[in-house]
Every structure is written in C-alpha cells, then in structure tokens.
Amino acid sequence: MRLLIFFDLPVDTARQRKDYRQFRRYLLKDGYLMMQESVYAKLVVNDGVAAAAVIRLRNNRPPSGLVQVLKVSEGQFATMEYITGEVRSYDEVDSMEELLIL
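Residues numbered from 1 in each chain as written. Predicted model: local features only at pLDDT ≥ 70, side-chain atom pairs only at ≥ 80, totals over all residues. Heavy atoms only, no water.

**Section: the sheet that holds strand S4 (residues 66-72)**
No. 1: Ordered in space as S2-S3-S1-S4, the four strands form an open sheet in which the pairing is antiparallel. Two strands bound the open sheet, and with one partner strand each, they are strand S2 (33-36) and S4. Between one strand and the next, the sheet's axes are offset by a mean angle of 25°, whatever the strand orientation.
No. 2: Along the sheet face, helix H2 (residues 47-59) touches strand S1 (2-8), strand S3 (39-43) and S4 and points at about 175° away from the line of S4. (Pairing = 2+ DSSP bridges. Helix = DSSP H or I, 4+ residues; strand = E, 2+ residues; numbered from the N terminus. Axes fitted to C-alpha atoms, helices over the stretch in contact; angles between N-to-C directions. Contact = heavy atoms within 4.5 Å.)

Structure representation (structure tokens):
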C-alpha cells in the first residue's frame with residue numbers, strides 16, 4: 001500500500017518558510033518520494049507500518065497549514081493515469097521486490 005501526503009503550508013513569513021523546509025526534510029528522511037511540489041508518497045508493507053508512519057507525521061507536523069494523508073492499495077496506485085507529462089526514466093526505483101538487479 002502507499003501513503004500519499006498532500007500539504008498546503010503558508011510561506012509568508014520567515015518562520016513559516018522554515019517550518020515548510022523542516023517538514024519537507026522530514027518527509028524525505030522518513031522515506032517519502034516527491035510526486036509533485038506538495039504531494040509525497042511512501043511505500044508501506046501493511047496497516048501497522050502505515051499507522052506508525054501517520055503517528056510520526058502527527059509528531060512532525062508543522063504548526064500551521066493543511067496536511068492530509070490518503071492510504072491507497074498498490075492496485076489503485078498502479079492505475080494512476082498521466083494526463084499531462086510522463087514518468088521520468090530517472091525516477092528512483094520504488095518497488096516491493098526484495099532484490100532488484102539492474
């Protein structure tokens with residue numbers, strides 16, 4: 001399953017910009033991959049891992065703004081259609097495979 005994080009954070013003041021940067025760094029450090037500017041995704045193996053990830057998100061949330069989490073199955077995620085643009089060939093490998101040989 002995947003966790004999709006959507007956020008809209010204010011960046012009007014220096015403090016808000018710092019909070020934005022810290023939240024974005026947290027997402028990257030915790031294993032989320034950027035899909036779009038304010039959309040990040042993470043692969044999780046089960047509901048227990050997903051619940052723990054949501055708890056960590058709550059502990060690291062910014063003081064203002066909107067942060068949303070959506071859980072989708074791999075099947076649902078795989079049906080995503082690209083209306084404009086395409087998957088970049090240099091994107092990071094994001095797979096459930098234990099061993100990947102390139």
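**Overview of the UniProt feature "binding site: Mg(2+)" (unreviewed entry) in the chain**
No. 1: With numbering aligned to this structure, UniProt lists the feature "binding site: Mg(2+)" (unreviewed entry) at Asp8.
No. 2: Along the chain, Asp8 falls in strand S1.
No. 3: The class of Asp8 is exposed, set by a relative accessible area of 56%.
No. 4: The residues touching Asp8, leaving out its near neighbours within four places in the chain, are Gly65 and Leu66. (UniProt positions renumbered as here; feature names shortened; annotations may be inferred. Buried < 20%, exposed > 50% of the residue type's maximum accessible area, 1.4 Å probe, protein only.)

**A closer look at H2**
No. 1: Between its terminal C-alpha atoms H2 stretches 18 Å, which fits the 18 Å expected from 13 residues at 1.5 Å a residue.
No. 2: All of the buried residues in H2 are Ala50, Ala53 and Leu57. The arc that holds the buried residues of H2, viewed along the axis, is 60°, so those residues lie on one side. Turned more than 90 degrees from where H2 packs its buried face, Ile55, Arg58 and Asn59 sit exposed. (Expected span 1.5 Å × (residues − 1). Arc of directions from axis to C-beta.)

**Observations concerning the pattern of salt bridges**
No. 1: Applying the stated criterion across every chain yields a total of five salt bridges.
No. 2: A salt bridge links Arg15 to Asp19; its shortest N-O distance comes to 3.1 Å. In this pair, Arg15 and Asp19 both sit in helix H1 (residues 14-29), four residues apart, roughly one turn of the helix.
No. 3: Judged by relative accessible area, Asp19 falls into the buried class, the value being 9%.
No. 4: The partner of Arg56 in a salt bridge is Asp30, with the nearest N and O atoms 3.2 Å apart. Of this pair, Arg56 sits in helix H2 while Asp30 sits in the loop between H1 and S2, placing them 26 residues apart in sequence.
No. 5: For Arg56, a relative accessible area of 30% puts it in the partly exposed group.
No. 6: Several salt bridges share partner residues, and in doing so they unite Asp30, Lys42 and Arg56 into one network. (Salt bridge = Lys/Arg side-chain N within 4 Å of Asp/Glu carboxyl O.)

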